[in-house]
Each structure stands twice: as structure tokens, then as C-alpha cells.
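# Reading the structure
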Amino acid sequence: MAPIEQPSSDPSFTQQVQKLHRLTVYGRWLLVGFLWLTLAPLCLLELSAEIELLQEYFTWASVRYGLLFHPFAAAGLGLCMGMTLAVLIWQSRNILFGMPAVEKQRLEKQVYRIQRKGSSHPLWKWVCK
């Protein structure tokens, strides 16, 4: 069953796609903020002894071995930094070069699905109202 395509020239449909994109941006930044507020403090707590040592005698070798001997803390901090960098690059690309056609089509299909499902869809009141 092929979905019925909404005309891209419809101003209300275009506005709904923009609202969904804005919600996607907010959602990604909320995820990044959640990671930094929950995961990063736990990782830094695990590294507290190494951080105290680094304040006295900072070397890059001590940073490397501190992260090497605490792999979960290193993975958690890497996830926080990686997600932040990924969202920054994604949003910068959209601002500088515009949204890619594939992503725009994905958002249009999702708006169509939200419209088709109606008020029972969780995003309906934020996208279609």
C-alpha cells in the first residue's frame, strides 16, 4: 500500500513538517542534556581519585591510564561527548546546507502517519494542532 503524498506546497503541511523537525531537534538536545546530567556525574565520580591526582601532576599519560583502568567511566564520558558532537554536527549541517531531501521526505512521511492516526498519536497535539 503506497502512502498518499501530501503536496509540499500546502502551507499547513509544511508548517507541520517544520514543527516535527523542531521537536526532533529539542528531543536530541534533551537526550544530550539528560546524558550529561545523569551519566557524566557518575563517570566523574568513578574517576574522582584520578582527577585529584591529575590536579597535582597532570600528564597526558596519566589521563590515558586513568581512562584505561576505568573503562565504564571512559565509555560513559565518550558517549556523552560523542552524542553532543553528533547533534552539533547534525544541526550545523541543517543550518548551513539545509535539510537533506531524504530527511525531509522522512519527516513528511512521519507527519502523514501522525495525521492518519489522528489524536491518538502522541505527537499529534504538538505537530497538527
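Attention here is on the structure that accompanies the text.

Rules used in this analysis
- Every chain begins its residue count from 1, and numbering advances along the sequence as written.
- Where totals are concerned, whole chains, interfaces and linings use all residues; where local detail is concerned, this predicted model gives features only for residues with pLDDT of at least 70, and gives and counts side-chain atom pairs only at 80 or more.
- Side-chain calculation: all heavy atoms of the structure are included, whereas hydrogens and water are not.
- Starting at the N terminus, helices and strands are each numbered in turn, a helix being any DSSP run of H or I of at least four residues and a strand any DSSP run of E of at least two.
- Taken over C-alpha atoms, the radius of gyration is set against a globule rule of 2.2 Å times the number of residues to the power 0.38.
- We call a residue buried when its accessible area falls under 20% of the maximum for its residue type, exposed when it is over 50%, and partly exposed in between, using a 1.4 Å probe and counting protein chains only.
- Any two residues whose heavy atoms approach within 4.5 Å at even a single point are treated as in contact.
- Shrake-Rupley sampling with a 1.4 Å probe provides the accessible areas, and residues are treated as covered by the protein chains on show and by no other component.
- The charged-residue count follows a simple rule in which Lys and Arg add positive charge and Asp and Glu add negative charge, with His and chain termini not counted at all.
- Just so you know, the charge point we use is NZ for Lys, CZ for Arg, CG for Asp and CD for Glu.
- Helix span is expected to be 1.5 Å times the residue number reduced by one.
- To form a nonpolar core, buried Ala, Val, Leu, Ile, Met, Phe, Trp, Tyr and Cys residues must be joined to one another through side-chain atoms within 4.5 Å.
- Geometry of aromatic contacts follows a simple scheme: Phe, Tyr and Trp rings, the Trp one being its six-membered ring, pair when their centres are within 6.5 Å, and the pair is stacked under 30 degrees between planes, edge-to-face over 60, tilted otherwise.
- Identification of polar contacts relies on pairs of N or O atoms within 3.5 Å, with a donor-acceptor requirement for protein atoms, meaning one able to donate a hydrogen and the other able to accept it, and with residues adjacent in sequence counted only if both atoms are side-chain atoms.
- Lines fitted to C-alpha atoms define the axes, with helix axes restricted to the stretch in contact, and inter-axis angles between N-to-C directions lie between 0 and 180 degrees.
- Any angle that falls under 35 degrees is termed roughly parallel, while one over 145 is termed roughly antiparallel, one within 65 to 115 roughly perpendicular, and all others oblique.
- By definition, any crossing whose near helix is turned counterclockwise from its far helix by less than a right angle is left-handed, and any crossing with a clockwise turn is right-handed.
- Ten residues, namely Ala, Val, Leu, Ile, Met, Phe, Trp, Tyr, Cys and Pro, are considered nonpolar, four, namely Asp, Glu, Lys and Arg, are considered charged, and the remaining ones, Gly among them, are considered polar.

### Some points on the overall build of the protein chain
Looking only at helices and strands, the protein chain has 6 helices and 0 strands in total. In terms of overall dimensions, the protein chain is more spread out than a globule: its C-alpha atoms have a radius of gyration of 21 Å, far above the 14 Å expected for 129 residues. When the backbone C-alpha atoms are referred to their principal axes, the protein chain occupies close to 65 × 35 × 25 Å. Counting only residues that meet the buried cut, the protein chain has 26% of its 129 residues in that class. Look at the contacts in the protein chain between residues 6 or more apart in sequence, and 72% of them connect residues 24 or more apart. Total accessible area computed for the protein chain in this model is approximately 9,300 Å², and 67% of it derives from carbon and sulfur atoms. Here the protein chain holds 13 positive side-chain charges and 8 negative ones, and the gap between their average locations is 17 Å.

### With respect to helix H1 (residues 11-46)
In an α-helix, one full turn covers 3.6 residues, which means residues spaced three or four apart are oriented alike. Under the 1.5 Å per step criterion, the end-to-end length of H1 is 52 Å for 36 residues, consistent within 8% with the ideal 52 Å. Considered for burial, the residues of H1 that qualify are Phe-13, Gln-16, Val-17, Lys-19, Leu-20, His-21, Thr-24, Val-25, Val-32, Leu-35, Ala-40 and Cys-43. Where H1 is buried, its residues contact helix H4 (71-97), helix H5 (101-117) and helix H6 (124-127).

### A closer look at the nonpolar core
Grouped together as the largest cluster of nonpolar side chains are 8 residues: Phe-13, Val-17, Leu-20, Leu-107, Val-111, Ile-114, Val-127 and Cys-128. Residue assignment for this core shows that the elements contributing at least two residues are H1 and H5. The next biggest cluster of nonpolar side chains, apart from the first, holds 7 residues, and it includes Leu-35, Ala-40, Leu-47 and Ala-73.

### Things to note about the packing of aromatic side chains
Summed over the entire model, instances satisfying the criterion amount to 2 aromatic pairs. Geometrically, the ring pair formed by Phe-58 and Trp-60 is edge-to-face, given 5.1 Å between the ring centres and 80° between the ring planes. Given the relative accessible area of 47%, Phe-58 is considered partly exposed. For Trp-60, a relative accessible area of 65% puts it in the exposed group.

### Observations concerning the side chain of Asn-94
Considering the arrangement of structural elements, one finds Asn-94 in helix H4. You can call Asn-94 buried: its relative accessible area is 10%. A polar side-chain atom of Asn-94 sits 3.0 Å from a polar atom in the side chain of Arg-93. Asn-94 has contacts with His-21, Met-99, Pro-100 and Glu-103, leaving out every residue within four places of it along the chain.

### Re the packing of H1 against H4
Between H1 and H4, the shortest axis-to-axis distance is 9 Å and the interhelical angle comes to 160°. It follows from the interaxial angle that H1 and H4 lie roughly antiparallel. Where H1 crosses over H4, the handedness of that crossing is left-handed. Its residues assigned to classes, the contact of H1 with H4 comprises 20 nonpolar, 6 polar and 2 charged.

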